[in-house]
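So you can see what is in the structure, the chains are spelled out below.
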Amino acid sequence: MENTVKKYKRRIINPQKIFGAVLSYLILAAVAFIFFFPILWLVLASFSKQGDMYSFDGFFPTEYGFDSFVKLFTDTDTYNYPKWFLNTLLISSVSCVFGTFLTILTAYAMSRLKFKSRKHLMKLTLILGMFPSFMGMVAVYLLCTQLNLLNSHWGLILIYTGGAPMSYMVQKGFFDTIPYEIDECAMMHGANRFQIFMKINLPVATPMIVYSGLTSFAFPWSDIILPQMLLKNRDMWTVAVGLNNLTQQEFTRFAAGSIFIAVPIIILYFVLSKFMISGMSAGSVKG
């Protein structure tokens, strides 16, 4: 009888809990709308037939069409968007491959190898990571000048690749979750470090490789500071630099270019979201 009463009391609706839940959902919906509204406005603006933002009759366009997207890929005399897109794709892809490779190697070495001053080196990288990257822009520019890497895609690739291993802590946390006894067992059977890494640790680290690849690809894809500083030739620009140099009279083209450049990243994140979530959660278990 007492158990039945307890179950009945649990089923009684609590007005305070209902009010709290409704209030929470309303706040979340308001926050979601605040973040979604600019995106909606930019999407609608990309389909506008008016080129200038100030020619809109009200907040939203009055006439819609695909003229902005057609002009984006056909009118390339002054603003060569297809060329900028290919430049961005090249820089991001090559930086992704090399950056992921170096990040995984750095994380593996910091996790599995025991050497002198390893903890001091980890603390140093954490401290350096606290400083904004643009603080070193002057030094980067001078180095690129001395090495003849100005106005060169390979200069950007080398900078992105060299900076990628600085964010190795999540990957290191993933390798820390792999029992070290597996490595010792493989050594007892005659395997060396390279064989253990390639045949045991690396196949297990597939989610982390995908996560590292996406982060290494996404940053060069959207970065504007380094390309704006190092790329002087208009044909060498990336999409971010090119769109930033569009005039106010070309706002609809800017909106169309922004929407189109976001599509590959969105597709990648949706397709590889499973690996992203498992990689980040596993990497944050142990540091």
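Presented here is an overview of the structure given in this document. Going along each chain's sequence as written, the residues are numbered from 1 onward. A pLDDT threshold of at least 70 governs which residues receive local features in this predicted model, and a stricter bar of 80 or more applies before side-chain atom pairs are shown or counted, although totals over entire chains, interfaces and linings include all residues. Side-chain metrics in this entry use all non-hydrogen atoms of the structure; hydrogen atoms and water are not considered.

### Observations regarding the pattern of salt bridges
- A carboxyl oxygen of Asp or Glu within 4 Å of a side-chain nitrogen of Lys or Arg is what we treat as a salt bridge. Scanning the entire structure with this criterion turns up 6 salt bridges.
- R253 is the partner of D75 in a salt bridge, and the nearest nitrogen-oxygen pair spans 2.9 Å. In this pair, D75 sits in the loop between α3 (67-74) and α4 (81-112) while R253 sits in helix α14 (residues 251-271), placing the two residues 178 residues apart along the sequence.
- Think of it in three bands: with a 1.4 Å probe and only protein chains considered, a residue is buried below 20% of the maximum accessible area for its type, exposed above 50%, and partly exposed in between. Its relative accessible area of 30% is what places D75 among the partly exposed residues.
- By relative accessible area, which is 3% here, R253 ends up buried.
- The partner of D183 in a salt bridge is R193, with the nearest N and O atoms 3.9 Å apart. Of this pair, D183 sits in helix α9 (residues 180-188) while R193 sits in helix α10 (residues 193-204), placing them 10 residues apart in sequence.
- Here R193 falls in the partly exposed class, since its relative accessible area comes to 29%.
- By sharing partners, the salt bridges in this structure join K71, D75, E250 and R253 into a single network. A run of H or I in DSSP counts as a helix once it spans at least four residues, and a run of E counts as a strand once it spans at least two, with each numbered from the N terminus.

### Some thoughts on the environment of L90
- Position of L90 relative to the elements: it lies in helix α4.
- Note on L90: relative accessible area 43%, which makes it partly exposed.
- As for L90 and H153, which are separated by 63 residues in sequence, their C-alpha atoms are 8.5 Å apart.

### Looking at unusual backbone geometry
- One non-glycine residue, S117, lies in the positive phi region at around 65°.
- You can call S117 partly exposed: its relative accessible area is 40%.
- The backbone phi angle of N148 is positive, close to 60°, even though this residue is not glycine.
- Tracing the chain through its elements places N148 in the loop between α6 (137-146) and α7 (153-163).
- For N148, a relative accessible area of 67% translates into the label exposed.

### A word on the side chain of D183
- By relative accessible area, D183 is classed as buried at 0%.
- Contact definition: two residues touch when any of their heavy atoms are within 4.5 Å. For D183, the residues in contact, after removing those within four places along its chain, are Y108, R112, R193, I196 and N201.

### Remarks on the packing of aromatic side chains
- Stacked, tilted and edge-to-face are the three classes assigned to paired rings of Phe, Tyr and Trp, where Trp is represented by its six-membered ring and a pair needs centres within 6.5 Å; plane angles under 30 degrees give stacked, over 60 edge-to-face, the rest tilted. Summed over all chains, the structure comprises 17 aromatic pairs.
- The interplanar angle of 45° and the centroid separation of 5.5 Å between the aromatic rings of F33 and F37 together place this pair among those described as tilted. A residue pair is termed a helical-turn pair when its members lie 3 or 4 positions apart in one helix, as F33 and F37 do in helix α2 (residues 15-46) at 4 residues.
- Plain terms: the ring middles of W84 and W237 are 5.8 Å apart, the flat faces sit at 45° to each other, and that makes the pair tilted. Residue W84 is found in helix α4, and its partner W237 is found in the loop between α12 (225-230) and α13 (239-244); the two are separated by 153 residues along the sequence.
- For W84, a relative accessible area of 1% translates into the label buried.

### What about the nonpolar core?
- If you look at the biggest cluster of nonpolar residues, it comprises 31 residues, and the most contacted ones within it are Y81, L156, L226 and V239.
- Broken down by secondary-structure element, the contributors of at least two residues to this core are α3, α4, α6, α7, α11 (206-222), α12, α13 and α14.
- Tallying contributions element by element places α4 first for this core, with 6 residues.
- Beyond its immediate sequence surroundings of up to four residues, V239 is in contact with Y81, W84, F85, T88 and I261.
- By convention a nonpolar core is built from buried Ala, Val, Leu, Ile, Met, Phe, Trp, Tyr and Cys residues, the set being connected through side-chain atoms within 4.5 Å. By size, the runner-up hydrophobic cluster in this structure holds 15 residues, among which are A107, F174, A186 and F197.

### What about the layout of surface pockets?
- In this model, the largest pocket occupies a volume close to 920 Å³.
- For each structure, a 1 Å grid was placed over the protein atoms alone; sets of points admitting a 1.4 Å probe that cannot get out are labelled cavities, open sets with protein on both sides within 12 Å along at least five of seven lines are labelled pockets, and lining residues have an atom within 4 Å of a point. Forming the walls of the largest pocket are 35 residues, and the residues nearest its centre are S133, I159, Y160, G163 and A164.
- Of all elements in the fold, only α4, α5 (118-129), α6, α7, α8 (169-176), α11 and α12 reach the threshold of two or more residues within the lining of the largest pocket.
- The element contributing the most residues to the lining of the largest pocket is α11, with 6 residues.
- Note on residue classes: Ala, Val, Leu, Ile, Met, Phe, Trp, Tyr, Cys and Pro are nonpolar, Asp, Glu, Lys and Arg are charged, and everything else, Gly too, is polar. Residue composition of the lining of the largest pocket, grouped by class: 21 nonpolar, 13 polar and 1 charged. Grid points are joined across faces, edges and corners, and a volume is the space filled by probe spheres set on the points.

Honestly, that's just the spatial picture; any functional story needs more than this.
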